[in-house]
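Residue-level structural notes
Now for the letters of each chain:
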Amino acid sequence: MKIGVIGAGQLGRMLALSGYPLNHQFGFTTKSNNEPSSMLGLVFNENECQNSAESIMNFADVVTYESENTDVEIIRNISKNVKVFPSEKSLFISQHRCREKKLFDSLNIPCAPNQKVNSLNDLRLALNNIGFPAILKTATNGYDGKGQFVIHSDSQIDKAWDSMNGVESILEGFVSFKRELSLIAVRGIDNDHKYYPLVENIHHNGILRKTIAPANRIDHNIQDIAEKYMRKILDELDHVGVLTIEFFETDKGLLVNEIAPRVHNSGHWTIDGATTSQFENHIRAITGMPLGDTTPIHNCCAMVNIIGKTGDTNSVLKMPNTHLHLYNKKERKDRKIGHINVNAGSVDELQKRLSQLKQYLPK
Ligand SMILES: Nc1ncnc2c1ncn2[C@@H]1O[C@H](COP(=O)(O)OP(=O)(O)OP(=O)(O)O)[C@@H](O)[C@H]1O
Ligand SMILES: [Mg+2]
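Residues numbered from 1 in each chain as written. Chains lettered and ligands numbered in written order. Predicted model: local features only at pLDDT ≥ 70, side-chain atom pairs only at ≥ 80, totals over all residues.

Take the overall build of the protein chain next. Within the protein chain, the secondary structure is distributed over 12 helices and 18 strands. Whereas a compact globule of 363 residues would reach a radius of gyration of roughly 21 Å, the protein chain reaches 20 Å, a difference of no more than 12%. With respect to the three principal axes, the spread of C-alpha positions in the protein chain is 55 × 55 × 40 Å. The 363 residues of the protein chain split such that 45% are buried. The long-range fraction of contacts in the protein chain, counting pairs at least 24 apart against all pairs at least 6 apart in sequence, stands at 60%. (Helix = DSSP H or I, 4+ residues; strand = E, 2+ residues; numbered from the N terminus. Rg over C-alpha atoms; globule rule 2.2 N^0.38 Å. Buried ≥ 20, exposed ≤ 12 C-beta atoms within 10 Å, placed from the backbone. Contact = placed C-beta atoms within 7 Å.)

In structure tokens, the structure reads:
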């Protein structure tokens, strides 16, 4: 099938890399001719063609997108002519933190206390209810922890609101979590569901640095609860494709942080560590193919992001059971330009390999 992707970053690139063996073809909407996906299919450059969304619609048998910040209006228009998966509803809800929280409430899925904030006065009222510390976030367009302000005391309220630049926001209670976990699942057009194991995510300054897959010390009970929440969300959205839930693990159990209607950075380990990768499963789902087995093929896996600088990649290539993935992006501070997947037979072996990747991990 011809698959149109809105966006041409690393997620689109990895979707295409997994889709070609299944005989699919790819087209991307781009902003420049030098994006991670630019060499992986036809490109419809927003600056060169009159209407890149219309061009991708004419090209594709099915359209998908690589970011929850995609314009809903564009997806609505394309859907009138070509199937779009995940559908408009998944996009509409997951691109807005307040809508997401409403969905969690309606499905009885626990999350941090929260309140919509549209003014300084709203913020003061919300803080009266939620208390300190709390975290103020823009309702839309956040990524890698951008557009967030942690408020510890009264003296920071004005500064916090100023930092939002007047956009719709949400105040969340600050969760004192033990770990951050995420669950990736895929739902097919025929309503088949498959789940990857819960993984542990380690962030630094709001940016994901490392994923351990599967997460250590997860009993069946927690995996079952996470899958139960996932199933409710997938079914409510009538979602087709991959969906990710980010969780906080707390003393009182799992709280949902947010969802993403797409393949996720915390699922990159599946390329080398699972029977079927998240990328292939997304492609299988949106093209109506049977879903693939999500079982890990190694006891322990890890993914380390390459942030800002490419580093000494030859030393990575010399390591056993280790795979390098670069995205054809220029080096820039805090930019995700690649990742490294490590597979191991034991936790000790994994730790040993990770200690060889110190150049890529925060001190
Ligand atoms: N309510 C909260 N309590 C405590 N920490 C939080 C809370 N919300 C977010 N954080 C921290 O900030 C990080 C980024 O927040 P969040 O995932 O909501 O934003 P994002 O910009 O969408 O990030 P990403 O693109 O990495 O998913 C979280 O991974 C977590 O470490
Ligand atoms: Mg997040």
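From this point, things continue past the structure.
Omega for the bond connecting Phe85 with Pro86 falls within 30 degrees of zero, at -5 degrees, which places this linkage in the cis form. Along the chain, the position of Pro86 falls in the loop between β5 (83-84) and α4 (88-94). The backbone of Asp238 shows a phi angle near 50 degrees, a positive value even though the residue is not glycine. Look at Asn321: it is not a glycine, yet its phi comes out positive at around 50 degrees.

Let us now look at the site of ligand 1. The immediate surroundings of ligand 1 are formed by 17 residues, with Gly142, Tyr143, Gly145, Glu172 and Val175 found nearest. Mapped onto the domain boundaries, the shell around ligand 1 takes at least three residues apiece from domain 2 (113-173) and domain 3 (179-360). (Near = placed C-beta within 6 Å. Domains from an automatic or database assignment.)

Looking now at the sheet that holds strand β8 (residues 148-151). Reading across from one edge, β6-β9-β7-β8 is the order of the 4 strands in this open sheet, with antiparallel pairing throughout. This sheet does not close on itself; its edge strands, each paired only once, are β6 (114-117) and β8. In this sheet, neighbouring strand axes are inclined to one another by 20 degrees on average, regardless of whether the strands run parallel or antiparallel. The pairing of β6 with strand β9 (residues 169-173) spans 4 bridges and is classified as antiparallel. The partner of Gln115 across the bridge, within β9, is Leu171. Of the strands in this sheet, β6, β7 (134-138), β8 and β9 are in contact with helix α6 (residues 120-130), which crosses β6 at around 175 degrees. (Pairing = 2+ DSSP bridges. Axes fitted to C-alpha atoms, helices over the stretch in contact; angles between N-to-C directions.)

Read from one edge of the open sheet, 5 strands run β3-β2-β1-β4-β5, paired in parallel fashion. At either end of the open sheet lies a strand with only one pairing partner, and these are β3 (42-45) and β5. Where strand β1 (residues 2-6) and strand β2 (residues 25-30) come together, 5 bridges link them in parallel fashion. Bridge assignment links Val5 to a residue of β2, and that residue is Phe28.

So, on to the environment of Phe85. With respect to the helices and strands, Phe85 occurs in the loop between β5 and α4. Along the chain, Phe85 and Tyr65 lie 20 residues apart, while their C-alpha atoms are 8.0 Å from each other.

Below, the discussion takes up the pairing of strand β15 (residues 253-260). For strand β14 (residues 241-250) and β15, the ladder comprises 7 bridges, and the chain directions are antiparallel. Counterpart to Phe247 in the pairing with β15 is Val256. Between β14 and β15, which pair antiparallel one after the other, the connecting turn spans 2 residues.

This paragraph deals with the nonpolar core. Ranked by internal contacts, the top residues of the largest apolar core, which has 79 residues, are Leu15, Leu183, Ala185, Met230 and Ala302. The element that contributes the greatest number of residues to this core is strand β16 (residues 300-307), accounting for 7 residues. Shared between two domains, this core holds at least three residues of each, these being domain 1 (2-84) and domain 3 (179-360). If near-sequence neighbours (up to four positions away) are discounted, Leu183 is found in contact with Tyr195, Leu198, Ala226, Met230, Ile245 and Phe247. (Core = buried A, V, L, I, M, F, W, Y, C linked by C-beta atoms within 7 Å.)

A turn of α-helix holds 3.6 residues, and therefore any two residues three or four places apart point the same way. Along helix α5 (residues 97-106), the positions that sit buried rather than exposed are Arg97, Glu100, Lys101, Leu103 and Phe104. Buried residues of α5, viewed axially, fall in a sector of 155 degrees; they line one side. Away from the buried face of α5 by more than 90 degrees, exposed residues Asp105 and Ser106 are located. On its buried side, α5 packs onto α4, β6, β7, β9, α8 (220-237) and β15. Within two residues after α5, Asn108 carries a phi angle of roughly 55 degrees, on the positive side. (Arc of directions from axis to C-beta.)

Below, the discussion takes up the domain arrangement of the protein chain. Looking at the protein chain, the domain boundaries give domain 1 (2-84), domain 2 (113-173) and domain 3 (179-360). Each of domain 1 and domain 3 was reduced to a C-alpha centroid, and the two centroids are 23 Å apart. Counting residues at the interface gives 15 residues for domain 1, matched by 16 residues for domain 3. Elements with a minimum of two residues in the side of domain 1 that touches domain 3: α1 (10-19) and β4 (62-65).

For His339, the location among the structural elements is in strand β18 (residues 336-344). Non-local contacts of His339, meaning those with residues more than four positions away in its chain, are made with His268, Met303, Val304, Asn305, Ile306 and His325.

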